[in-house]
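Coordinates in review
Given next are the chains, with one letter for each unit.
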Amino acid sequence: MEKEKLKETVNYFLKRDILLSKDFLDSLTEDFNIESLNEKISNNTKSNLFLVLTEDSVSIINKENNADINWMDFDKARVLFEKGENKNPYFKFIEFLRGEEIRDSSKFPINVVFSYKEESKKRNIQDFVAYFNARYKALEKILRNRPELQNLTSIGRLKNKRDKENISIIGMVQNKKTTSKGGLMLTLEDPTGLIKVYVNNNKPELFNPARDIVMDEVVGVVGVSGDKIVFANNILWPDIPLTKEFKKSPDEGYAVFLSDIHVGSDHFLPDEFNQFLEWINGNVGSDEQKEIAKNVKYLFIAGDLVDGLGIYPGQEDELIIKDIKEQYTESAKLLKKIPPHIQIIISPGNHDAMRIAEPQPELYKDFAEKIWDLPNVTLVSNPSIINIDASEDFPGFDILIYHGYSFDHFVANVDSIRNSGGYDRADLIMQFLLQRRHLAPTHTSTLYIPDVKQDHLVIEKIPDIFLTGHIHKCAIKNFRNITLVCGSCWQSKTPFQEKVGHNPEPARVPVLNLQTRDFKLLKFGK
Ligand code: ZN
Ligand code: FE
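Okay, so let's go over this structure. Fair warning: this is a prediction, and the values are worked out from it, not measured in the lab.

Re the sheet that holds strand E18 (residues 508-513)
Pairing is mixed in the open sheet, where six strands are placed in the order E12-E11-E10-E9-E18-E19. Bordering the open sheet on either side are strand E12 (377-379) and strand E19 (519-523), each of which pairs with just one other strand. When the angles between neighbouring strand axes are averaged without regard to direction, this sheet yields 20 degrees. For E18 and E19, the ladder comprises five bridges, and the chain directions are antiparallel. Bridge pairing in E19 places Arg 508 opposite Lys 523.

Points about helix H11 (residues 324-335)
Between its terminal C-alpha atoms H11 stretches 17 Å, which fits the 16 Å expected from twelve residues at 1.5 Å a residue. Turning to H11, its buried residues number three or more, namely Ile 324, Gln 327, Tyr 328, Ser 331, Ala 332, Leu 334 and Leu 335. Each buried residue of H11 lies within a common arc of 160 degrees when the element is viewed along its axis, so the set occupies one face. Turning to H11, the residues buried within the fold contact helix H9 (270-280), strand E10 (296-302), strand E11 (343-347) and helix H12 (369-372). Taking the backbone nitrogen of Lys 325 as reference, a side-chain oxygen 3.0 Å away marks Asp 323 as the first, capping residue of H11.

As for the coordination of the zinc ion (ligand 1)
Where a metal carries four tetrahedral donors, each ideal angle is 109.5 degrees; where it carries six octahedral donors, the ideal angles are 90 or 180 degrees. Protein coordination at the zinc ion (ligand 1) comes from Asp 260 (OD), His 262 (NE2), Asp 304 (OD) and His 472 (NE2), with a distance range of 2.0 to 2.3 Å. If you look at the zinc ion (ligand 1), its four donor atoms make angles of 85 to 174 degrees with each other, and the shape they trace is irregular. Donor residues binding the zinc ion (ligand 1) come from one chain and are separated in sequence as D-x1-H-x41-D-x167-H. Since its relative accessible area comes to 1%, His 262 is described here as buried. The buried category is assigned to His 472, whose relative accessible area is 3%.

Brief notes about unusual backbone geometry
Residues Glu 358 and Pro 359 are joined by a peptide bond in cis, for which omega reads 0 degrees. Among the structural elements, Pro 359 can be located in the loop between E11 and H12. The phi dihedral of Lys 228 is positive, around 60 degrees, even though this residue is not glycine. Counting through the fold element by element, Lys 228 comes out in the loop between strand E7 (218-225) and strand E8 (229-236). Assessed through its relative accessible area of 69%, Lys 228 is described here as exposed. The backbone phi angle of Asp 239 is positive, close to 60 degrees, even though this residue is not glycine. Of note, Asp 239 is situated in the loop between E8 and strand E9 (254-258).

Comments concerning helix H7 (residues 125-144)
Its 20 residues place the ends of H7 28 Å apart at the C-alpha level, agreeing with the 28 Å of an ideal helix rising 1.5 Å per residue. Among all positions in H7, only Asp 127, Tyr 131, Phe 132, Ala 134, Arg 135, Tyr 136, Ala 138, Leu 139, Glu 140 and Leu 143 are buried. Buried residues along H7 sit against strand E4 (166-178), strand E5 (184-190), E7, E8 and helix H15 (426-436).

Here's the deal with the coordination of the iron ion (ligand 2)
Donor atoms from the polypeptide that coordinate the iron ion (ligand 2) comprise Asp 304 (OD), Asn 350 (OD1), His 403 (NE2) and His 470 (ND1), at 2.1 to 2.3 Å from the metal. Its four donor atoms give the iron ion (ligand 2) angles of 84 to 169 degrees at the centre, a pattern that matches the irregular case. Here the donor residues of the iron ion (ligand 2) share one chain and are spaced in sequence as D-x45-N-x52-H-x66-H. His 470 sits in the buried class, given a relative accessible area of 8%.

Concerning the pairing of E7
Burial of E7 is extensive: seven of the eight residues sit out of reach of the surface. Strand direction decides the pairing type here: E4 and E7, joined by seven bridges, are antiparallel. By the bridge assignment, Asn 166 is partnered in E7 with Val 224. As paired elements, E7 and E8 share six bridges and run antiparallel to each other. Within the sheet, the bridge partner assigned to Val 222 lies in E8 and is Asn 234.

Overview of the pairing of E9
Among the five residues that make up E9, five are buried, leaving the element largely enclosed by the rest of the structure. Burial along E9 is two-sided: the face carrying Tyr 254, Val 256 and Leu 258 and the face carrying Ala 255 and Phe 257 are both buried. Two strands pair when backbone bridges link them, and E9 and E10 are joined in this way by five bridges, in the parallel orientation. Note on E10: the bridge partner recorded for Leu 258 is Ile 301. In the sheet, E9 pairs with E18 via three bridges, with the strands oriented antiparallel. Along E18, the bridge assignment pairs Ala 255 with Leu 512.

What counts as what
Every chain begins its residue count from 1, and numbering advances along the sequence as written. Key to labels: chains lettered from A, ligands numbered from 1, both in the order written. Only residues with pLDDT of at least 70 get local features here, since the model is predicted, and only at 80 or more are side-chain atom pairs given and counted; chain-wide, interface and lining totals rely on the full set of residues. The side-chain figures draw on all heavy atoms in the structure; neither hydrogens nor water molecules are used. For two strands to count as paired, DSSP must find a minimum of two bridges between them. Per the convention used, a helix needs a DSSP run of H or I reaching at least four residues, while a strand needs a run of E reaching at least two, with both numbered from the N terminus. Orientation is described by axes fitted as lines to C-alpha atoms, over the contacting stretch for helices, and by angles from 0 to 180 degrees between their N-to-C directions. By this rule, a helix spans an expected 1.5 Å times one less than how many residues it contains. Buried means the residue's accessible area, taken with a 1.4 Å probe over protein chains only, is under 20% of the maximum for its type, while exposed means over 50%, and partly exposed covers the values in between. This arc describes the spread of directions from the helix axis toward the C-beta atoms. In what follows, residue pairs with any heavy atoms lying within 4.5 Å of each other are defined as contacts. Polar contact criterion, stated in full: a pair of N or O atoms within 3.5 Å, where within protein one must be able to donate a hydrogen and the other to accept it, and residues adjacent in sequence count only if both atoms are side-chain atoms. Only N, O and S atoms count as donors, using a 2.8 Å cut-off from the metal and 3.2 Å for Na, K and Ca, and because water is excluded some sites may appear unfinished. Under this scheme a four-donor centre is tetrahedral when all angles range from 85 to 135 degrees, a four-donor centre is square planar and a six-donor centre octahedral when opposite donors are above 155 degrees with the rest from 65 to 115, and any other centre is irregular.

Dropping the structure here:
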């Protein structure tokens, strides 16, 4: 709105003892009608109360039939909210005024098990050495107790072994080549040295999985020692034990999994997303779908909330919101429409406004201030682990969230994934990573921060649910009692995706019944 008209508006309401908030003024457009709003205000407020108009209060006033609102209390709650002292009363107020049943969100417990906090420190080459040692140690610890690894020895000690002794080693893959006879020659490394490992191609049950071995992953090898070589008889991955319990919550409730909303992109799908918001508010859908909406307790967003800026060459030309702060402000407007009793958990992706090196910390307050203001949002890092729905007699579900930036590398470099559908099979990629107990086993598969004490991309804790995104196509699968779920997206196919071979399937929402562990896949749009 023009400056003159803004001034006029402020003065008009000031004369009537009404103040205007900045967010309300910012939201005004040229077609705003002073008289009609004033009329609605007089209809909505019985007495002449001192009032501050905010975006929220105006949206309530515009709804009519709110004649008995205590605007003084509303203002008090708003002041507390703005001071950041207590956000809850204000949101309870909004919830109430919107005509929603007030629910006790403490009944929807979330506990952040792991979220990376950024330490600012310059990294040097020594850090990478220490980082790889930390990774090796963590994965070696998982492998060490496997009964198959008999006569486990360090690589440095192999030179003292006579030929044809049965031995086992645990090493990081330093090299992998196909030999002229069609077998595989690996070079494995541990802190004591390097050794070549030969995998013959005459045993398919040994050779086929070995073909999927990628650089820098840690494997165990059972074999026979030779001169500066080990002949492999068995290869073991850190993997997921078959004994993982399939937990079910004693309480009714649902979790909704989203990712890759891409607000700000000219390919963002507002109609589909609004339809989703209508559903989660219980306004559309079959009776069964409405019943589910009523019982949603948790909503996850696994990265790429916004489209960001400068993500790839030419991406700026595909933006309708070219300011990063505004992209988050617009996202916050959408998320505000989600019933406030629902706990929203957001982790970042490669399009969000921060470094892409992993772990990525929670969304920066500088850019995503409006998201930080939402009282029902928990911001976490990428990756992170969240526990939900715990109660006195239930340990809750552990949810590992990872956006999926490393997926591109493994789709391109792992034959078994590429030949089974590549980007269409997020479930296979996720399974591949779980078996390796690492979210980006190959050094070049993602950018990362080399933490010298711990490799945060190692999957040390086995989750109940593994949530990812990034490839814009939903997948759901059960793997050894772990629920694998990849979110869809809210963006139609971009020219960049066309080029890299993504097949997005937007506007799908996987919904998990926490009591039965059954999934429903909701589809929005035409
Ligand atoms: Zn995305
Ligand atoms: Fe992404």
